[in-house]
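Fold and contact review
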Amino acid sequence: MEWLFLLLPIAALSGWLSARKHYQKNYNPKQSPFDPEYFKGLNYLLNEQPDKAIDVFIRLLEVNSETVETHLALANLFRRRGETERAIRIHQNLIARPTLTPLQREQALIELGLDYMSAGVLDRAELLFLELLNSASPPSDAYDHLLNIYQQERQWQKAINIAKKLHSQDPQKKKAEIAQFYCELAEEAPSSMSQEALILLKKASQFDSNCVRAALLKANLHIKDGHYKKALKSLEHIEQQDPHYIPEALPLLKTCYQQLEKLPAFNIWLKSILIRHPIMTSVHLMLTQVIEIQYGHREAQNYLQQQLKHNPSIEGLDTLLSLGDITSPTLIPLVQDTTHDILQKKRNYLCHQCGFSGKTMHWHCPSCKQWSTIRPTELHSSTLEQILET
Ligand SMILES: [Zn+2]
């Protein structure tokens, strides 16, 4: 019901504006500043008879084209309430009026497109927005809504075409999005077409040189083809692109270094990362794994124990416990249960834009619909408070 009260000032303002115009031309203090038909319409709305109210407002429109804004506001309210059929009815009626200015018509068409979108009739919305793009000066909203539709429908090539038009108007615009769309196309390519996929990923990097996803996908393709050196080059570059994503690259890096039989070099690389990012738990844990392979159980345990003193983390504690050497038969299983329990509850991925958290990686945030805003999260004491705050 609260939306009805939003309508009152809009209707009142609209009435007042037309009244003022009227008075300027022809002053008559006895005449009411409001059209009585409005009160009739409002009355129907307040009595929850929206269809009768719409009839009244539509009749009013025929008499008075100054009320276009009111109609747009009313239809938007219906749409926001999920009553898309009513919104569509009002917008279609508006568009049919010959008295509309071109700008008002364009606005009503965009709104009708949004009605179709919220009704889930995406193909009709698409046609409408495409038609708007054919006009002499296409409204920028139409591009954004089309982009929205193509992302929902996962029509990545069409999304790229639209995004490129916006990009050509302003080279700073849509770079990251275009890169993500190419990554989507590359992921869809059948496994027999890795060359084609690599070309798509190259295009992704051309638009956004910091596209971590393209680097990871490229590395995966190279690994599949047995080109471990090429994969390494792509993976090690992720630190320059965005060090937050290093944890995503670690298992792939391990595969490459193992296949190349160069674990000592991996050991050195991990240590160099820790000089620049000393609290990255996942890197400490990967180094522990490498030490275990290279020098055995005890060395790995010693390393991790030392690290845990400086950077206490649940992941670290858990790994330490699973490395064995359990001297206390009751205490250790208890601690282990606790750590496992906490890790079970932990959300592994967090959107730094809107705070959405989940257990799987999404490159396109399901909540705020931004690209590359979700990052792997890590639980260590210094960031635990931060995570809980968001
Ligand atoms: Zn988000």
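Scroll up a little and you will see the structure.
Scope of this entry: the structure provided in the associated data block.

Analysis parameters
Residues numbered from 1 in each chain as written. Predicted model: local features only at pLDDT ≥ 70, side-chain atom pairs only at ≥ 80, totals over all residues. Helix = DSSP H or I, 4+ residues; strand = E, 2+ residues; numbered from the N terminus. Buried ≥ 20, exposed ≤ 12 C-beta atoms within 10 Å, placed from the backbone. Contact = placed C-beta atoms within 7 Å. Expected span 1.5 Å × (residues − 1). Arc of directions from axis to C-beta. Pairing = 2+ DSSP bridges. Core = buried A, V, L, I, M, F, W, Y, C linked by C-beta atoms within 7 Å. Axes fitted to C-alpha atoms, helices over the stretch in contact; angles between N-to-C directions. Parallel < 35°, antiparallel > 145°, perpendicular 65-115°, else oblique.

Remarks on the overall build of the protein chain
In terms of regular secondary structure, the protein chain is built from 21 helices and 3 strands. Scored against the burial criterion, the 390 residues of the protein chain give a buried share of 32%. Nonlocal contacts in the protein chain, meaning residues at least 24 apart in sequence, comprise 45% of its contacts between residues at least 6 apart.

Describing unusual backbone geometry
Positive phi values are uncommon outside glycine, yet Lys 174 reaches one of about 65°. Mapped onto the elements of the fold, Lys 174 is located in the loop between helix 9 (156–169) and helix 10 (175–188).

Section: helix 7 (residues 122–133)
Relative to the 16 Å expected for 12 residues at 1.5 Å per residue, helix 7 spans 16 Å between its end C-alpha atoms, a close match to the ideal helical length. Within helix 7 the residues assigned to the buried category are Ala 125, Glu 126, Leu 128 and Phe 129. The arc enclosing the buried residues of helix 7, seen along the axis, measures out at 165°, which places them on a common side.

Brief notes about the environment of Ser 194
Counting through the fold element by element, Ser 194 comes out in helix 11 (residues 194–207). Among the residues examined, Ser 194 registers 18 C-beta atoms within 10 Å and is labelled partly exposed. In this structure, the C-alpha to C-alpha distance between Ser 194 and Asp 225, residues 31 residues apart in sequence, is 8.5 Å. With residues near it in sequence (within four places) discarded, Ser 194 still touches Leu 221, Lys 224 and Asp 225.

Describing the sheet that holds strand 2 (residues 357–358)
Spatially, 2-1-3 is the arrangement adopted by the 3 strands of the open sheet, whose pairing is antiparallel. The sheet terminates laterally at strand 2 and strand 3 (374–376), the two strands that pair on one side only. Where strand 1 (residues 349–351) and strand 3 come together, 3 bridges link them in antiparallel fashion. Of the residues in strand 3, the one forming a bridge with Cys 351 is Ile 374.

A closer look at the environment of Phe 207
Along the chain, Phe 207 turns up in helix 11. Under the C-beta neighbour-count criterion, Phe 207 is labelled buried, with 22 such atoms within 10 Å. Discounting residues that sit within four places of it in the chain, Phe 207 has contacts with Lys 175, Ile 178 and Ala 179.

Re the nonpolar core
Counting 79 residues, the largest nonpolar core has Tyr 182, Cys 183, Leu 201, Ala 204 and Leu 235 as its most contacted members. With sequence-adjacent residues up to four places away left out, Leu 235 is seen in contact with Ala 215, Ala 219, Ala 249, Leu 252, Leu 253 and Cys 256.

Notes on the packing of helix 12 (residues 212–224) against helix 13 (residues 228–236)
For any two helices packed against each other, one specifies the inter-axial angle together with the distance between the axes. One can describe the packing of helix 12 onto helix 13 by two numbers: an axis separation of 8 Å at closest approach and a directional angle of 170°. If you check the angle between helix 12 and helix 13, you find them roughly antiparallel. Residue-level inspection shows Ala 215, Lys 218, Ala 219, His 222 and Ile 223 of helix 12 in contact with helix 13, the latter providing Tyr 228, Lys 230, Ala 231, Ser 234 and Leu 235.

Structural notes on the packing of helix 6 (residues 102–119) against helix 8 (residues 140–152)
Between helix 6 and helix 8, the shortest axis-to-axis distance is 11 Å and the interhelical angle comes to 10°. In this view, helix 6 runs roughly parallel relative to helix 8, as classed from their interaxial angle. Between helix 6, through Ile 110, Gly 113, Leu 114 and Met 117, and helix 8, the contact on the second element is made entirely by Asp 141, Ala 142, His 145 and Ile 149.

Some details on the environment of Leu 60
Structurally, Leu 60 is set in helix 3 (residues 50–63). Assessed through the 19 C-beta atoms surrounding it within 10 Å, Leu 60 is described here as partly exposed. For the pair Leu 60 and Asp 35, spaced 25 residues apart in sequence, the C-alpha separation works out to 9.0 Å.

Purely geometric numbers; function is a separate question.
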